[in-house]
Amino acid sequence: MEFVQKYDFRSMHRPSPPPAWKIALESHLGAAGLQDLVDRMQSAYATATVYPPANQVWAAMEAVTPEEVKVVILGQDPYHGAGQAHGFAFSVPPGCPIPPSLRNIFKEYAQDTGYAYPSSGDLRAWAREGVLLLNTSLTVVEGQPGSHSAWDYGALTAGLLHYLSTTGGPKAFWLWGKHAQKAGRSIRPEGHLVIESAHPSPLGAYRGFFGSQPFSRTNAFFEQKGLSPVEWCLEGLPLRL
């Protein structure tokens, strides 16, 4: 309860960072550092148009506890256009046009799993399977990609990844592109699956993202460990014939 009271998002009409993530969130920043970051976020929402909406800043961590995480998919910034970002890396709300990088993720998804190409870019079904869809920056100013990348989000991400790789069971970490791979240096890889490839953006997807088979490789890894695979199927669509 102390943690809930410490980080006050009332002026943002927003609850505090998820208590289940307290240790991980403070592991590199410390309690004071996290408070400073929260204050900076609060100020940004008060003075500019910032995405995702304030009540969705911690959505990815609210959807899955540290103990439930099986896979981490690491993004960079939230989407910086209106109606796109909703707190989950690469995901967009139902009805939103599918962005180019996510279209390429879906191409690889369909090729790798055999499932039909989804009609919606909403990836929250994966979160229910223990997939943490984590951006390395939790906020961005409208129309200004990278606008908050110099904040202490780097330390926050490093702490989360280190914590997840040193607690609990085997996990898969997907590091797409140089930015994610740099952020992933804090991961302790022993006992885990770390998949590094090009970014799925239109500029990078043909340089090694397509054909990287992250979905099937991850499930093969879990099955080898005697663990349940991830149900990747979106929208309940059957396998292609």
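Predicted model, so just to flag it, every value in this text is computed and none were measured.

### Notes on helix α7 (residues 153-166)
- Compared with the 20 Å implied by 1.5 Å per residue over 14 residues, the 20 Å span of α7 between its first and last C-alpha is a close match.
- For α7, a buried count of ten out of 14 residues is recorded, marking the element as mostly surrounded by other parts of the structure.
- Along α7, the residues that are buried comprise Y153, L156, T157, A158, G159, L160, L161, Y163, L164 and S165.
- Once α7 ends, the next one or two residues include G168, with phi positive near 75 degrees.

### Points about the confidence of the model for the protein chain
- Averaged over all residues, the pLDDT of the protein chain is 89; the fraction at 70 or higher stands at 91%.
- Highest mean pLDDT in the protein chain belongs to helix α9 (residues 214-224) (98); lowest belongs to helix α1 (residues 2-6) (43).
- Low pLDDT (under 50) marks residues 1-13, which in the prediction has 34 contacts with non-local residues, meaning those over four places away or in another chain.

### Concerning the nonpolar core
- Judged by nonpolar contacts, the single largest core of 72 residues is most densely connected at W126 and L132.
- Sequence-distant contacts of W126, defined by excluding residues within four places in its chain, comprise I73, Y109, V131, L133, F215, E231, W232 and L234.

### Looking at the pairing of strand β2 (residues 71-75)
- In terms of burial, β2 is largely enclosed, as five of its five residues are buried.
- Alternating positions in β2 separate into two faces, V71, I73 and G75 on one and V72 and L74 on the other, with burial throughout.
- As defined by bridge partners, β2 adjoins strand β3 (residues 131-135) across five bridges and the pair is classed as parallel. Across the sheet, residue G75 finds its bridge partner in β3, namely N135.

Cut-off values and rules
- For every chain, the first residue of its written sequence is number 1, and the numbers climb from 1 along that sequence.
- Per-residue local features are limited, in this predicted model, to residues with pLDDT of at least 70; the limit for side-chain atom pairs, both in listing and counting, is 80 or more; totals at the level of whole chains, interfaces and linings are taken over all residues.
- Here the side-chain values reflect all heavy atoms present in the structure, with hydrogen atoms and water set aside.
- Secondary structure follows DSSP: runs of H or I at least 4 residues long count as helices, runs of E at least 2 residues long count as strands, and numbering of each begins at the N terminus.
- To estimate the expected span of a helix, count its residues, drop one, and scale the result by 1.5 Å.
- Burial here depends on accessible area, computed with a 1.4 Å probe over protein chains only, as a share of the maximum for the residue type. Under 20% is buried, over 50% is exposed, and the range in between is partly exposed.
- Confidence scores labelled pLDDT are given residue by residue by the predictor and lie between 0 and 100.
- Residue contacts are defined here by distance: any two heavy atoms, one from each residue, within 4.5 Å place the two residues in contact.
- Within this scheme, the nonpolar core is defined by two criteria: the residues are buried Ala, Val, Leu, Ile, Met, Phe, Trp, Tyr or Cys, and they are joined through side-chain atoms within 4.5 Å.
- Strand pairing is assigned whenever DSSP detects at least two bridges linking the two strands.

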